Amino acid sequence: MRVLGVDPGLTRCGVGVVEGVAGRPLTMLGVGVVRTPADAELGHRLVAIEQGIEQWLDEHRPEFVAVERVFSQHNVRTVMGTAQASAVAMLCAARRGIPVALHTPSEVKAAVTGSGRADKAQVGAMVTRLLRLDAPPKPADAADALALAICHIWRAPAQNRLQQAVALHAARAPRATQARQAAQAPHAVQAPHAVQAPHARKGRTA
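Residues numbered from 1 in each chain as written. Predicted model: local features only at pLDDT ≥ 70, side-chain atom pairs only at ≥ 80, totals over all residues. Heavy atoms only, no water.

Description of the overall build of the chain
A count of helical and extended segments in the chain gives 5 helices and 5 strands. If you list the helices and strands of the chain from N to C, you get β-β-β-α-β-α-β-α-α-α. Expressed as a percentage of its 206 residues, the buried residues of the chain come to 33%. With the model as given, the accessible surface of the chain reaches about 13,200 Å², and the carbon-plus-sulfur share is 55%. (Helix = DSSP H or I, 4+ residues; strand = E, 2+ residues; numbered from the N terminus. Buried < 20%, exposed > 50% of the residue type's maximum accessible area, 1.4 Å probe, protein only. Areas by Shrake-Rupley, 256 points an atom, 1.4 Å probe, with all protein chains shown as cover.)

Spelled out as structure tokens, the structure:
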């Protein structure tokens, strides 16, 4: 499985590609940051992010794209920029028919470090260890992108099993309901057979 992780942001959008399967050593294929100038017009910044992500998609051909799920913060301006960059990443993937998965920061931290409250330094250290790197990727946005990709590789099998179980349950539910309704329905009462009157005996003639 090859996954492109995207840590969305307007100024720095982290990107990282990891390949492997759950339970086996993973390999980093690339990591970096798509940057845009803070004083540029918003539309131009979004176009730059799109072009940068498209280059990564062209070069690495990932099977999945994992994007950090945007959550509410006190700084609304920061949230808006993150959400816009996240939408661009999802758009680029959807245009190519690549499945997109969203993971919350807590899910990523828990998957990589074992704690949903880990700080960026801990995440970077574990990413370095898991991918057998010489040093933590810089800046932290790049390490976060790799963590997203790792998280998806490890969580995807469990998510697939859950989705299959839900789909199987949904398919069986109508049949189970029909069978239950049929069992609870009163049996049709058959009309009693008509009782025929005995034939009158013919009297004997003298």
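On we go.
Regarding the pairing of strand E4 (residues 64-68)
Among the 5 residues that make up E4, 4 are buried, leaving the element largely enclosed by the rest of the structure. Relative to E4, strand E1 (residues 2-7) runs parallel, the two being bridged by 4 bridges. Across the sheet, the residue bridging to Val3 is Phe64, located in E4. One ladder, built from 4 bridges, connects E4 with strand E5 (residues 100-103); its direction is parallel. Of the residues in E5, the one forming a bridge with Val67 is Leu102. (Pairing = 2+ DSSP bridges.)

Considering helix H1 (residues 42-60)
Here H1 contains 19 residues, and its C-alpha end-to-end distance of 27 Å stays within 8% of the 27 Å for a straight helix at 1.5 Å per residue. Within the span of H1, buried status applies to Arg45, Ile49, Gly52, Ile53, Glu54, Trp56, Leu57 and His60. Check the buried side of H1 and you find it contacts E1, strand E2 (12-19), strand E3 (27-35), E4 and helix H2 (76-95). Positive phi shows up at Arg61, right after H1, with a value of about 50°. (Expected span 1.5 Å × (residues − 1). Contact = heavy atoms within 4.5 Å.)

With respect to the sheet that holds E2
A sheet is described by the order of its strands in space; here 5 strands give the open sequence E3-E2-E1-E4-E5, paired in mixed fashion. The strands lining the two open edges of the sheet, one partner per strand, are E3 and E5. If you compare each strand with its neighbour and ignore which way they point, the axes differ by 20° on average. Strand direction decides the pairing type here: E1 and E2, joined by 6 bridges, are antiparallel. Counterpart to Arg2 in the pairing with E2 is Glu19. In the packing of H2 onto the sheet, contacts are made with E1, E4 and E5, and the angle to E4 comes to roughly 170°. (Axes fitted to C-alpha atoms, helices over the stretch in contact; angles between N-to-C directions.)

Quick look at the pattern of salt bridges
Taken as a whole, this structure holds 8 salt bridges when the rule is applied. Among the salt bridges present, the one from Lys120 reaches Asp144, with a minimum N-O distance of 2.6 Å. With a gap of 24 residues between them, Lys120 in helix H4 (residues 120-130) and Asp144 in helix H5 (residues 140-184) connect regions that are remote in the sequence. Classification of Lys120 by relative accessible area gives exposed; the value is 53%. Several salt bridges share partner residues, and in doing so they unite Glu50, Glu54, Asp58, Arg95 and Arg96 into one network. (Salt bridge = Lys/Arg side-chain N within 4 Å of Asp/Glu carboxyl O.)

Details of the confidence of the model for the chain
On average, residues of the chain carry a pLDDT of 87, and 82% of them reach 70 or more. Low pLDDT, under 50, characterises residues 200-206; the predicted model gives this stretch 0 contacts beyond four residues in sequence or across chains. (pLDDT = per-residue confidence, 0-100.)

Some points on the environment of Gly52
Mapped onto the secondary structure, Gly52 falls in helix H1. It is 9.8 Å that separates the C-alpha atoms of Gly52 and Ala89, two residues lying 37 residues apart in sequence.

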